[in-house]
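One-letter residues, chain by chain:
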Amino acid sequence: MNTTMERTRETMAHAVADLRSILVSGTLDTADRDDVLGFLIGVGDLYRQVEATLVVGTGVIEKRSASAERFDVSSDCRSANEVMQRTTGAAPTTVKRWSRLAAVVKPKRTLASGEIRPAEFPALREALTTGAIGADGLEAATRPLREVKDRVDAADLAEANEVLAAMTTTTGAPVMCDTLRDASLRLATDLDITGAEAEEEKAFPGRALRLGVKRNGLVPITGQLVPDVAGALSVLLDSINNPHGQPAGVKFRPTDESDENADVRTMAQRNHDALGTILAAVPNAPDMPTNGGGAPVLVIHATEDTVRAGEGWATIPGADATGTDVPVPFAAAKHVGCCGTIQHLTTAANGRIVKLTIDKRVFSTDQRRAISARDRSCVIPGCHTPARWCEIHHVTGWAQGGETDVDNGVLICWHHHRFIDRMGWDIRMTEGVPEVRPPDWIDPTKTWHSTGPRAAGLPKRGA
């Protein structure tokens, strides 16, 4: 056995034992700030060097498995990928990623002459092998350049490779992947001045948006957006998530002034809810196509027994890739029914349709305009979602005899509307003005707070 590799294995075994000891003992929990940061920087150095070894090692195993040696077969494995899975415990997709990156940095052999040519990105290969960057850094630095390499001069590509490698360092904290990615993208754009149309022509057929099959109460969505569509969506999501640049969270503070009432949703969850807001607003847009003479409206099916009980299941036709009725909690039916149209379907035991009713409780354009002028934004204090993105909530529910009238409707964002019953907020109308009462964990006194006047602020005392 190679003595250097044997010594390295012993050293790694000691390092693994030391790391395991630190994790098991909980030392990180009590260490001071400087010790934690220094320790993690050291672990990062080790991590990047290990990743470099795995990338290069994957390329070596693939090369030796493709030769007469058949490294994979002699190791009782079906492929080089399985060798890496069994030796590292990594997933097949992870090994495939290492394989792609190995192809970027391994030297090339010319078939005709057998000559070994340098790696595609030699400077970045050195940055990888010396631990200045890991697999993520290598991918961030090379992907934009690989996409344009066939359209730019080789000398320019080599210079870009040097520039990116110069940004890395083996001392101190490493360069962030986002920094490398941004720099590489700028370089690729500068070099490929005439490639914009070619890129769009190549990319456009790949545009896609797909709904998956509902699992565990969620419908997966996948796809690829062209940049201008992605940009338009991003602008809308940002405007809803932070419409006025004001912090989220209700305004009623507990006596200890804690921030328990802050918006605890993740950004991904907020983006989901913002998309729900956009989709609720779109059908009423003036240029939208009509469906049966009216705006396209989502219809949810629920049996009369479910509606009467106020719990159970409803269904949404075609809500996932199956194209069939998808079960949803009745809370979703209540939400859509409050601001749109809900179809109640009663069936007999043998499946025969006994009764079909359609309740229309959509606020008219004039009513919405009046309610928007009064409320201006979501009536939940601290939520600044503007009127154009809000739905209109029946304060007294339709099923309880509430009318579709300006004195029974308030602006409320998709998120608060969808979970109003669960969040503990109460809304009532007093002389035509909405009042809200927060959950008791926010205001133990359970005091009602008026939301008006919203259209014009109260004059300051002494003004």
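The paragraphs below set out a description of the structure included in this document. No experiment lies behind these values; they were computed from the predicted model shown. (Residues numbered from 1 in each chain as written. Predicted model: local features only at pLDDT ≥ 70, side-chain atom pairs only at ≥ 80, totals over all residues. Heavy atoms only, no water.)

## What about the overall build of the chain?
Per the secondary structure count, the chain includes 18 helices and 14 strands. Across the 463 residues in the chain, those meeting the buried criterion constitute 32%. Per element, the accessible surface of the chain, about 28400 Å² overall, is 56% carbon and sulfur. (Helix = DSSP H or I, 4+ residues; strand = E, 2+ residues; numbered from the N terminus. Buried < 20%, exposed > 50% of the residue type's maximum accessible area, 1.4 Å probe, protein only. Areas by Shrake-Rupley, 256 points an atom, 1.4 Å probe, with all protein chains shown as cover.)

## With respect to helix α13 (residues 267-281)
End to end, α13 covers 21 Å across 15 residues, agreeing with the expected 21 Å (1.5 Å per residue, within 8%). The complete set of buried residues in α13 reads Arg270, Asp273, Ala274, Gly276, Thr277 and Ile278. If you follow the buried residues of α13, they end up packed against α12 (227-241) and α17 (414-418). (Expected span 1.5 Å × (residues − 1). Contact = heavy atoms within 4.5 Å.)

## As for the nonpolar core
Ranked by size, the top nonpolar core spans 37 residues in total, and within it Val55, Trp98, Leu124, Leu128, Ile133, Leu138 and Leu145 carry the most contacts. Put simply, the parts of the chain that give this core at least two residues each are α3 (33-65), α5 (80-88), α6 (92-105), α7 (122-129), α8 (135-148), α9 (154-166) and α10 (177-191). Grouped together as the second largest cluster of nonpolar side chains are 19 residues, Val410, Ile420, Trp425 and Ile427 included. (Core = buried A, V, L, I, M, F, W, Y, C linked by side-chain atoms within 4.5 Å.)

## Digging into α9
For α9, with 13 residues, the first-to-last C-alpha span of 18 Å sits near the 18 Å given by 1.5 Å per residue. What α9 keeps buried is the set Leu157, Ala160, Asn161, Leu164 and Ala165. Seen from one end, α9 has its buried residues packed into an arc of 135°, which puts them on one side. Residues of α9 that are exposed and point over 90 degrees away from its buried face: Glu159 and Ala166. Looking at the packing, one finds that the buried side of α9 touches α7, α8 and α10. (Arc of directions from axis to C-beta.)

## With respect to the sheet that holds strand β14 (residues 449-450)
One open sheet accounts for 3 strands, arranged β12-β13-β14; its pairing is antiparallel. The open sheet is flanked by β12 (426-430) and β14, the only strands paired with a single partner. Of the pairings in the sheet, the one linking strand β13 (residues 433-437) to β14 comprises 2 bridges and is antiparallel in character. Each residue of the ladder has a partner; that of Glu435, found in β14, is Ser450. (Pairing = 2+ DSSP bridges.)

## Considering the pairing of strand β11 (residues 409-412)
The alternating pattern of β11 places Gly409 and Leu411 on one face and Val410 and Ile412 on the opposite face, and all of these are buried. Bridge count for strand β10 (residues 391-394) against β11 is 4 bridges, and the pairing is antiparallel. Counted as the bridge partner of His394 is Gly409 from β11.

## Concerning a nonpolar patch on the surface
On the surface, Leu209, Leu211, Val219, Ile221, Leu225 and Val229 cluster together into a nonpolar patch covering about 530 Å² of accessible area. Position of Leu225 among the secondary structure elements: in the loop between β4 (221-224) and α12. Residue classification places Leu225 among the partly exposed residues on the basis of a relative accessible area of 41%. (Patch = residues over 30% accessible without salt bridge, like charges linked within 9 Å, V, L, I, M, F, W, Y side chains within 5 Å. Salt bridge = Lys/Arg side-chain N within 4 Å of Asp/Glu carboxyl O.)

## A closer look at the environment of Asp153
Tracing the backbone through its elements, the reader meets Asp153 in the loop between α8 and α9. With 39 residues separating them along the chain, Asp153 and Asp192 place their C-alpha atoms 9.3 Å apart. Polar contacts involving the side chain of Asp153 include one to the main-chain amide nitrogen of Ala155, which spans 2.8 Å. (Polar contact = N/O pair within 3.5 Å; in protein donor to acceptor, adjacent residues only side chain to side chain.)

## Some points on the environment of Gly44
As for its placement among the helices and strands, Gly44 is situated in helix α3. On the basis of relative accessibility, which here comes to 16%, the residue Gly44 falls in the buried class. Separated by 129 residues in sequence, Gly44 and Ala173 have C-alpha atoms that sit 8.4 Å apart.

Purely spatial values, then, with no claim about function.
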